[in-house]
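# Commentary on secondary and tertiary structure
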Amino acid sequence: MEVGQMQRRLVDYTKTLFMEGFLDAQFLQLQQLQDENNPDFVVEVVSLFFDDSEKLLNNLSMALDQPNVDFKKVDAHVHQLKGSSSSIGAQRVKNACIAFRNFCEEQNIDATLRCLQQVKHEYYLVKNKLETLLRLEQQIVAAGGSIPMIDMGF
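In the annotation of an unreviewed UniProt entry, the protein chain is listed under the name Histidine-containing phosphotransfer protein and assigned to Hibiscus trionum.

Written out as structure tokens, the structure is:
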């Protein structure tokens, strides 16, 4: 596939992620921080998000599996996940965390368990989408092209 075709595919794919609510304007801001002095900035930040999220999701699973759930601890983990999701623009994960936190306040174990499954689902969806997006970018660079800036009109 020629570079121009790959660039168009990347732009279309990225726009789809915004239209489907996976990403928000924060992701574009993250991309704008990347330059020739720090060409791997987005990959590094997204990789950190993946690592942190996996740990937080494991911590949440363990915390909710206790006989006496410490909802303050659960809420702290969800708050952290919400913040990191928000910082990279993972909108659907962030929104699922907001609902999760409301049920933590109510100390509703059944609802928090359902929310945990929803947050995991949204996280793994966005992880897969971001991995695909980053792979497309790597293919463009490997073919000698540059990553096009995407204007979403925000």
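That shown, we press on.
Next up on the list: the overall build of the protein chain. Assigned secondary structure in the protein chain consists of six helices and zero strands. Listing each helix as α and each strand as β along the protein chain from the N terminus yields α-α-α-α-α-α. Evaluated residue by residue, the protein chain yields a buried proportion of 40% over its 154 residues. Once local pairs closer than 6 in sequence are excluded, the contacts in the protein chain between residues at least 24 apart make up 69%. Of the roughly 8,700 Å² of accessible surface on the protein chain, 48% is carried by carbon and sulfur atoms.

So, about the environment of Ser87. The residue Ser87 is located in helix α4 (residues 71–88) in this model. Sequence separation of Ser87 and Val46 is 41 residues, and the distance between their C-alpha atoms is 10.0 Å. Of note is the side chain of Ser87, whose polar atom sits 2.8 Å from the backbone oxygen of Ser84.

So, on to unusual backbone geometry. A positive phi angle, close to 55°, is found at Gln107, a residue other than glycine. In this fold, Gln107 is placed in the loop between α5 (91–106) and α6 (109–142).

A few words now on the nonpolar core. Ranked by internal contacts, the top residues of the largest apolar core, which has 42 residues, are Leu23, Phe27, Val74, Phe100, Val126 and Leu130. Breaking this core down by element, the ones donating at least two residues are α1 (3–19), α2 (25–32), α3 (41–64), α4, α5 and α6. Every residue in contact with Leu23, bar those within four places of it in the chain, is listed here: Leu17, Phe18, Gly89, Ala90, Gln91, Val126 and Leu130.

Geometry of a packed helix pair, given as the angle between the helix axes and the separation of the axes. Between α3 and α6, the shortest axis-to-axis distance is 11 Å and the interhelical angle comes to 160°. Comparing the axis directions of α3 and α6 gives the class roughly antiparallel. As for how α3 packs across α6, the hand of that crossing is left-handed. Class assignment for the residues of the contact of α3 with α6 results in 17 nonpolar, three polar and four charged.

Further remarks concern α6. Along its 34 residues, α6 runs 48 Å from first to last C-alpha, staying within 8% of the 50 Å computed at 1.5 Å per residue. Capping of α6 at its N-terminal end is provided by Asn108; its side-chain oxygen lies 3.3 Å from the backbone amide nitrogen of Asp110. Backbone geometry just downstream of α6 places Gly144 in the positive-phi region, at approximately 90°.

Here we take up α5. The first and last C-alpha atoms of α5 sit 24 Å apart over 16 residues, in line with the 22 Å expected at 1.5 Å per residue. Among all positions of α5, only Val93, Lys94, Ala96, Cys97, Phe100 and Cys104 are buried. Buried residues of α5 fall within an arc of 160° about the axis and therefore sit on the same side. When the buried face of α5 is taken as reference, the exposed residues oriented beyond 90 degrees from it are Glu105 and Glu106. Contacts from the buried residues of α5 go to α3, α4 and α6. Just past α5, the residue Gln107 takes up positive phi, approximately 55°.

Parameters and conventions
Residues numbered from 1 in each chain as written. Predicted model: local features only at pLDDT ≥ 70, side-chain atom pairs only at ≥ 80, totals over all residues. Heavy atoms only, no water. Helix = DSSP H or I, 4+ residues; strand = E, 2+ residues; numbered from the N terminus. Buried < 20%, exposed > 50% of the residue type's maximum accessible area, 1.4 Å probe, protein only. Contact = heavy atoms within 4.5 Å. Areas by Shrake-Rupley, 256 points an atom, 1.4 Å probe, with all protein chains shown as cover. Polar contact = N/O pair within 3.5 Å; in protein donor to acceptor, adjacent residues only side chain to side chain. Core = buried A, V, L, I, M, F, W, Y, C linked by side-chain atoms within 4.5 Å. Axes fitted to C-alpha atoms, helices over the stretch in contact; angles between N-to-C directions. Parallel < 35°, antiparallel > 145°, perpendicular 65-115°, else oblique. Left-handed = near helix turned anticlockwise from the far one by under 90°. Nonpolar A, V, L, I, M, F, W, Y, C, P; charged D, E, K, R; others polar. Expected span 1.5 Å × (residues − 1). Arc of directions from axis to C-beta.

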